[in-house]
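Residue-level listing of the chains:
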Amino acid sequence: MTDRHPLFLRRLTVENFRSLRAVEVHLAPLNVLVGPNGAGKSNLLDVIAFLGDATRGDLEPALARRGGFSRLHFRGDPDASSPVRIEVETTTGGTGEAADAYALSFTSVRSPDDPRHPIIRRKEDFWLTDGVGDEARHISITGGRIQFHGADAASVSVREDSLGLSLLPRLSPERGGERVEALADLFASFRVFDVDVAAARQPAQEEISDRLSDDASNLAAFLFYLARNHPDRFAELHRDVRAFIPGLESLEFTPIGGAGSGVVLNLVETGLRGSTRLREASFGSIRALALLALLYDPAPPQLTCIEEIDHGLHPHILDRIVELLRQASERTQFLIATHSPALVNRLKPDELIVCERGEDSSSRIPAIDPDAVRAMEGELHGEIGLGELWFSGALGGGLE
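Residues numbered from 1 in each chain as written. Predicted model: local features only at pLDDT ≥ 70, side-chain atom pairs only at ≥ 80, totals over all residues. Heavy atoms only, no water.

Some remarks on the sheet that holds strand 14 (residues 303-306)
Hydrogen bonds along the backbone pair up the strands of a sheet, which may run parallel or antiparallel. What counts is decided by this rule: Pairing between strands is defined by DSSP: at least two bridges between the two strands are required. A run of H or I in DSSP counts as a helix once it spans at least four residues, and a run of E counts as a strand once it spans at least two, with each numbered from the N terminus. Axis definition: a line fitted to C-alpha atoms, over the contacting stretch in the case of helices. Angles run 0 to 180 degrees between N-to-C directions.
A sheet is described by the order of its strands in space; here five strands give the open sequence 10-14-15-3-16, paired in parallel fashion. Edge positions in the sheet fall to strand 10 (191-193) and strand 16 (352-354), since each has one partner strand and no second. Averaged over all neighbouring strand pairs, the angle between strand axes comes to 20°, with direction disregarded. Across four bridges, strand 14 lies against strand 15 (residues 333-338) in parallel orientation. Directly across from I306, in strand 15, lies its bridge partner I336.

Description of the environment of V264
Filter applied, for reference: A simple rule labels every residue: compare its accessible area, found with a 1.4 Å probe on the protein chains alone, to the largest value its type can have, and call it buried under 20%, exposed over 50%, or partly exposed in between.
Along the chain, V264 turns up in strand 12 (residues 263-269). According to the relative accessible area criterion, V264 is buried, its value standing at 19%. Spatially, the C-alpha atoms of V264 and R279 are 9.3 Å apart, while their sequence positions differ by 15 residues.

A closer look at the pairing of strand 15
Consecutive side chains of a regular strand alternate in pointing toward one face of the sheet and then the other. Taking burial as the measure, the six residues of strand 15 include six buried ones, the bulk of the element. Where burial is concerned, the two faces of strand 15 agree: the one with Q333, L335 and A337 and the one with F334, I336 and T338 are both buried. Where strand 3 (residues 30-34) and strand 15 come together, five bridges link them in parallel fashion. Across the sheet, residue L30 finds its bridge partner in strand 15, namely F334.

Structural notes on helix 5 (residues 177-188)
Stated precisely, the cut-off is as follows: What a helix should span is 1.5 Å times the count of its residues minus one.
With twelve residues, helix 5 should cover 16 Å at 1.5 Å per step; its first-to-last C-alpha distance of 16 Å lies within 8% of that length. Along helix 5, the residues that are buried comprise G177, V180, L183, A184, L186 and F187.

Things to note about the packing of aromatic side chains
To describe a pair of aromatic rings, one takes the distance between the centres and the angle between the planes. Here is the rule: Aromatic contacts are taken between Phe, Tyr and Trp rings whose centres are within 6.5 Å, Trp giving its six-membered ring; a plane angle under 30 degrees counts as stacked, one over 60 as edge-to-face, and the others as tilted. Whether a charge lies above a ring is judged from NZ of Lys or CZ of Arg, which has to be within 6 Å of the ring centre and within 35 degrees of the ring normal.
What the rule picks out here adds up to nine aromatic pairs. On the numbers, 5.7 Å between centres and 25° between planes, the contact of F50 with F106 is stacked. Of the two residues, F50 is situated in helix 1 (residues 41-57) and F106 in strand 5 (residues 98-109); the sequence distance between them amounts to 56 residues. The residues F50 and F106 share a single accessibility class, namely buried. Seen in terms of ring centroids, Y102 and F187 are 5.6 Å apart; in terms of plane orientation they differ by 50°. Their pairing is tilted. Highlighted residues: Y102 in strand 5 and F187 in helix 5, separated in sequence by 85 residues. Here F187 falls in the buried class, since its relative accessible area comes to 0%. Among the aromatic residues, ring-to-ring pairing joins F17, F50, F69 and F106 into one connected group. Against the face of F148 rests R175, its NZ or CZ located 4.2 Å from the ring centre.

What follows is the structure in structure tokens.
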């Protein structure tokens with residue numbers, strides 16, 4: 001597992017997005033957010049989901065899914081006058097060198113035609129490079145006008161109701177079209193994985209699926225796909241799931257309803273007559289199966305977010321989970337949320353992002369500089385784990 005996608009996120013800067021009043025996070029291949037409820041972990045993951053939604057379906061539908069601008073904007077600002085701003089900087093996989101950057105800012109303003117229905121004003125900026133070390137090309141879009149900056153300065157009128165992420169890939173490569181397309185593909189591929197155990201328990205509505213749903217509702221069909229098309233990978237998954245679920249002997253698939261109509265997954269357990277249907281399996285068993293399916297995905301998205309990764313999992317499997325995360329992070333970048341000191345104990349300082357809520361109700365992410373975490377760990381010579389340090393409050397973001 002050594003191949004990387006061309007781009008992944010190196011830096012994420014957010015202003016006025018829910019509790020994220022002013023946050024800048026530098027990202028590695030594996031990033032684990034830790035902090036109490038309300039510290040902003042889920043909001044940071046939702047920034048990723050928002051970028052994906054806006055790229056696939058435009059800005060206003062992405063806002064509508066979150067209750068509109070007023071619900072999305074930082075509520076500590078009494079009049080919500082400052083814009084929401086999201087800026088990302090990417091890096092070329094394996095080099096660590098900056099590749100491209102993108103910034104989106106938007107605000108709600110009173111419509112001159114109908115004051116009861118405000119409109120969204122947006123601005124986009126692209127800084128694009130053709131290769132490592134090249135000077136970035138700057139393109140901005142404001143109010144239906146594209147502005148090309150620099151030596152080839154020009155201005156072009158466009159529709160106001162579409163993001164540049166969907167418009168600019170039509171540009172020639174010389175104008176930056178291919179670089180914008182790479183950014184758009186990166187954002188559109190983002191996945192926020194949040195297992196719906198009730199949905200995963202149901203028989204899959206298709207016999208085989210080569211893409212795991214964000215809620216794992218097609219878990220049986222995806223595992224059947226791995227068994228058929230990637231037997232070596234499925235064999236490794238099968239070995240791990242037997243270690244994760246005590247007494248499990250094997251997984252069995254039964255197609256239902258005719259060719260291609262669906263599949264049922266059964267768990268064969270040592271010493272028990274017959275088998276256990278997935279709909280009868282425990283919450284923790286389904287969570288473990290879904291997480292392993294994600295970690296063994298042969299073609300993952302470029303960035304994967306996971307809510308409460310340790311929920312329902314026994315602490316004894318966390319060593320293997322972290323090992324698998326590091327292996328999988330060679331194929332997909334991870335941004336993960338947890339409350340578990342036991343999981344944090346198994347992390348390196350560079351993998352940990354501590355989150356906390358400030359006195360003004362805004363999130364502080366990171367709550368402590370990673371260099372300070374590294375120094376603190378070095379002074380303790382491994383006698384106390386990062387999870388224990390966090391739980392004690394020494395790293396900030398403790399449970400109150």
